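Chain and residue survey
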Amino acid sequence: MELYLPVANMSVHILWILALGTMVGLLSGMFGVGGGFLTTPLLIFSGIPPTVAAASAATQVTGASVSGMMAYLRRGGVDLHMGAVLVAGGLIGSILGAFAFRWLESIGQIDTVIALLYLLLLGSIGGLMLKESLTTLNILRSGAQPVTRKRRHHPLVTMLPLRWRFYRSGLYISPIAPLILGAISGMMTMLLGVGGGFIMVPAMLYILGMGAEVVVGTSLFQIFLTTIATTLIHSVTTHAVDIVLALLLLIGGVIGAQIGARLAMRANPARLRLILAIIVLLVALRMGAGLTWRPDEIFTVQAL
Amino acid sequence: MTKFVGTGRQAMRHWVGPLCLALLMLAGVRADARNPVLVPDVSSRTIDIKYSFTGETLLLFGAIIYPDGRLADDRADIVVVIQGPTEPIILREKRRIGGIWVNADNIRFASAPGYYAVASSRPIADMLNERTAAVYEIGLDNLSLSPAGFTSDDQLGRFERGLVDLKRRLGLYVADANAVEITQGSLYRARLNIPARVPVGRYTAETFLVRNGEVIAVASRQIDIRKTGTDRFIANAAQNHGLLYGLFAVFLSVGMGWAAATLFARR
């Protein structure tokens, strides 16, 4: 069944978008990621204009992160103080991202930059995850006790002036570090339509050195508020949020997320991370191939 | 596809088109009393885009009325041109630089039609000479695109072919030399596909009667393509009330996520 998308100005197959949403929701439920990193490229591969894809995917990530965030809030798994700093950074990042978006669009390089960023981010994160999960699986197989890394923040972070206490995270660090992190993730949300959880979680663990019990909840809190800001900024600047597309993705997404969460409880976390790493690397490869293969279209039209 | 190959075509087109059109308007189309008159019509004057829109087939039909009621001895041909609203665009060309494909070159076109279809009863090259076809802007090689920012005719030609090729594969530019059917020399009809991704706006459907290499009658009709119902509402809200639209999108997204969470949690 075909459905016309009023903002994207094209008709899509309703079942394909629903299936895409469900698939992404399944992943987000299983791995605790927003899934934007999959939604945007898949939408672009199905012929949706990149701007509409990124903007609508951001809207969908909001909905996908609601239930997780609420669960963590109830359990006290969110460092609201840290979250507020990250969100403030996220806001700055989204606004900078909006300017970057407009500038890149005007010089005609937005598509290349989006593809390169995906390749870079997904490639490096996927590679790290693959290595980490394989090591963990090997250790588990050999029966040895996994070595627990001593938690501490990156030396660069300690150099920053003006220290604040973040009680729930167990940190006494400069708020500038999370502010910058938040800004980077906000820019990514604006440009790529990703929540940024897959960058933020490792960064919070290994750069800020936050306590593991509040990392995921705080990341979800930040994603939730940053994607809301991004949706609003896109609505006002690029006018590219397609509410019908976002709604279709959400319907699939929320159902998939619940199923995924149930599946995840029964699986080995290291194996789950291995699967996620492979998926992430595949998307990165596809993006890289898109850059180096001769594209289907040499010419592209941009409306003025 | 009818192809007009001609040197100097590019250079000529920038000024010849508008000039000749102006002259034409002054002179009128050879208001000869012995010439036939066209009575055209279209199957729909308005095309409504709503949620289930997947494109539409437009039927253009009409009659050729000869002044003394008898058919002409020699064959007359019909050409139908449907043109959508024009828009300014930038056309970018990708080139391989440092191993990756990036946009490397661009040309602006101030008036690229969002949709252009030409249907005829036989190849246009067989019935009109290049110059006449250019004057009436008949054929995909005779679009008046108003290019700017190009450095050579070579480059312009490459970009124009690129644009036409791209739009043809999207179904937005169409040239069909067999789409017009003429019955008994006096009734004609043409069937044209309007794809789902057409831009909205006012379209003109022009019908040309051609005999002996000359256009002897022209008639035009207007067609409005517009979004209706919720699609119109949504597109309008997204464009003109960005903040409210964004707030609504957020509300919807949060609401759905929350509803799903509580619904599933209860089970």
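See the structure above.
Described below are features of the structure shown in this document. The shown structure was predicted, so the numbers you read here are calculated from the model rather than taken from an experiment.

What counts and how
- Residues numbered from 1 in each chain as written.
- Chains lettered and ligands numbered in written order.
- Predicted model: local features only at pLDDT ≥ 70, side-chain atom pairs only at ≥ 80, totals over all residues.
- Heavy atoms only, no water.
- Helix = DSSP H or I, 4+ residues; strand = E, 2+ residues; numbered from the N terminus.
- Rg over C-alpha atoms; globule rule 2.2 N^0.38 Å.
- Buried < 20%, exposed > 50% of the residue type's maximum accessible area, 1.4 Å probe, protein only.
- Contact = heavy atoms within 4.5 Å.
- Lys, Arg positive; Asp, Glu negative; His and termini not counted.
- Charge placed at Lys NZ, Arg CZ, Asp CG, Glu CD.
- Areas by Shrake-Rupley, 256 points an atom, 1.4 Å probe, with all protein chains shown as cover.
- Buried area = accessible area lost by both parts, 1.4 Å probe.
- Phe/Tyr/Trp six-rings, centres within 6.5 Å; stacked < 30°, edge-to-face > 60°.
- Pairing = 2+ DSSP bridges.
- Axes fitted to C-alpha atoms, helices over the stretch in contact; angles between N-to-C directions.
- Core = buried A, V, L, I, M, F, W, Y, C linked by side-chain atoms within 4.5 Å.
- Salt bridge = Lys/Arg side-chain N within 4 Å of Asp/Glu carboxyl O.
- Left-handed = near helix turned anticlockwise from the far one by under 90°.

1. Focus: the overall build of chain A
A count of helices and strands for chain A gives 11 helices and five strands. At 19 Å, chain A has a C-alpha radius of gyration in line with the 19 Å of a compact globule built from 304 residues. Seen through its C-alpha atoms, chain A measures out along the principal axes to roughly 55 × 45 × 40 Å. With 304 residues in all, chain A has 55% of them scored as buried. Sequence-distant contacts in chain A: of pairs separated by 6 or more residues, those separated by 24 or more amount to 76%. For chain A, the centre of its 18 positive side-chain charges and the centre of its 9 negative side-chain charges are spaced 20 Å apart.

2. Considering the overall build of chain B
A tally of regular secondary structure across chain B gives six helices and 13 strands. Across the 267 residues that make up chain B, the buried fraction comes to 46%. Contacts in chain B between residues far apart in sequence, at least 24 positions, make up 74% of those at least 6 positions apart. Counting only carbon and sulfur atoms, one obtains 55% of the accessible surface of chain B, whose full area is about 13400 Å².

3. Looking at the interface of chain B and chain A
Counting from both sides, the interface comprises 53 residues of chain B and, opposite them, 51 residues of chain A. Surface buried jointly by chain B and chain A totals about 4600 Å² across both partners, of which 66% is contributed by carbon and sulfur atoms. Looking only at chain B, the three residues that lose the most surface to chain A are Arg92(B), Trp101(B) and Phe264(B), adding up to 15% of its buried area. Every element with two or more residues in the side of chain B that touches chain A is listed here: strand S5 (86-97), strand S6 (100-113), helix H4 (153-169), helix H5 (229-240) and helix H6 (242-266) of chain B. With 17 residues, H6(B) is the largest single contributor of residues to the side of chain B that touches chain A.

4. Remarks on the packing of aromatic side chains
Aromatic ring pairs are described here by two measures, namely the spacing of the ring centres and the angle between the planes. A full pass over the atoms with the stated rule returns three aromatic pairs over all chains. Between Phe299(A) and Phe159(B) the ring centres are 5.2 Å apart and the planes differ by 75°, which places this aromatic pair in the edge-to-face class. A residue pair is termed interchain when its members come from two chains, as with Phe299(A) in strand S5 (residues 299-303) and Phe159(B) in helix H4. Where Tyr115(B) meets Tyr203(B), the ring centres are 5.9 Å apart and the plane angle is 50°; that geometry is what we call tilted. Note that Tyr115(B) is positioned in the loop between S6 and strand S7 (116-120) and Tyr203(B) in strand S12 (residues 201-211), a separation of 88 residues in sequence. Of the two residues, Tyr115(B) and Tyr203(B), both sit in the buried class.

5. Some thoughts on the sheet that holds S6(B)
Taken in spatial order, the four strands line up as S5(A)-S5(B)-S6(B)-S8(B) in an open sheet, and their pairing is antiparallel. The outermost strands of the open sheet, each flanked by one partner alone, are S5 of chain A together with strand S8 (147-148) of chain B. Pairing of S5(A) with S5(B), which is carried by five bridges, proceeds in the antiparallel orientation. Within S5(B), the residue paired with Ala303(A) across the bridge is Ile89(B).

6. Quick look at the sheet that holds strand S4 (residues 77-83) of chain B
Backbone hydrogen bonds are what pair the strands of a sheet, in a parallel or an antiparallel way. All names here are of chain B. What the six strands build is an open sheet, ordered S2-S13-S12-S4-S7-S9; its pairing is mixed. The open sheet has two edge strands with one neighbour each: strand S2 (46-49) and strand S9 (173-176). Neighbour to neighbour, the strand axes of the sheet diverge by 15° on average, direction disregarded. Sheet topology places S4 next to S12; seven bridges connect them, and they run antiparallel. When the sheet's bridge partners are listed, Val-81 is paired in S12 with Glu-206.

7. Re the nonpolar core
Core analysis: the biggest nonpolar cluster contains 64 residues, and Ile82(B), Phe109(B), Ile138(B) and Tyr173(B) have the highest contact counts within it. The element contributing the most residues to this core is strand S13 (residues 214-227) of chain B, with six residues. The contacts of Phe109(B), once residues within four sequence positions are left out, are Glu87(B), Pro88(B), Ile89(B), Leu91(B), Leu145(B), Ser146(B), Pro147(B), Leu156(B), Phe159(B), Glu160(B) and Leu163(B). The next biggest cluster of nonpolar side chains, apart from the first, holds 59 residues, and it includes Leu104(A), Ile110(A), Ile125(A) and Leu191(A).

8. So, the pattern of salt bridges
Side chains that differ in sign of charge can pair as their charged atoms come close. Residues and elements named next belong to chain B. Applying the stated rule across the entire model yields nine salt bridges over all chains. Salt-bridge contacts for Glu-93 lead to Arg-158; the nearest nitrogen and oxygen are separated by 2.8 Å. Note that Glu-93 is positioned in strand S5 and Arg-158 in helix H4, a separation of 65 residues in sequence. Here Glu-93 falls in the buried class, since its relative accessible area comes to 7%. Arg-158 gets classed as partly exposed once you look at its relative accessible area, which sits at 32%.

9. Let's talk about the side chain of Ser253(B)
Here Ser253(B) is to be found in helix H6. The buried category is assigned to Ser253(B), whose relative accessible area is 0%. If sequence neighbours within four positions are ignored, Ser253(B) has contacts with Thr59(A), Thr62(A), Gly63(A) and Leu250(A).

10. So, the packing of helix H8 (residues 197-208) of chain A against helix H9 (residues 212-237) of chain A
Residue and element names in this part refer to chain A. Relative to each other, H8 and H9 sit at 145°, their axes nearing to 10 Å. In the packing of H8 onto H9, the handedness of the crossing is right-handed. Contacts from Gly-197, Met-200, Val-201, Met-204 and Leu-205 in H8 reach Ala-212, Val-215, Thr-218, Ser-219, Gln-222 and Ile-223 in H9.

11. A look at the pairing of S12(B)
All names here are of chain B. Direction of pairing for S12 relative to S13: antiparallel, over a ladder of 11 bridges. Bridge pairing links Glu-206 to Ser-220 in S13. Counted between consecutive antiparallel strands, the loop separating S12 from S13 contains two residues, among which Asn-212 sits at a positive phi close to 50°.

Worth remembering: the numbers are spatial, not functional.
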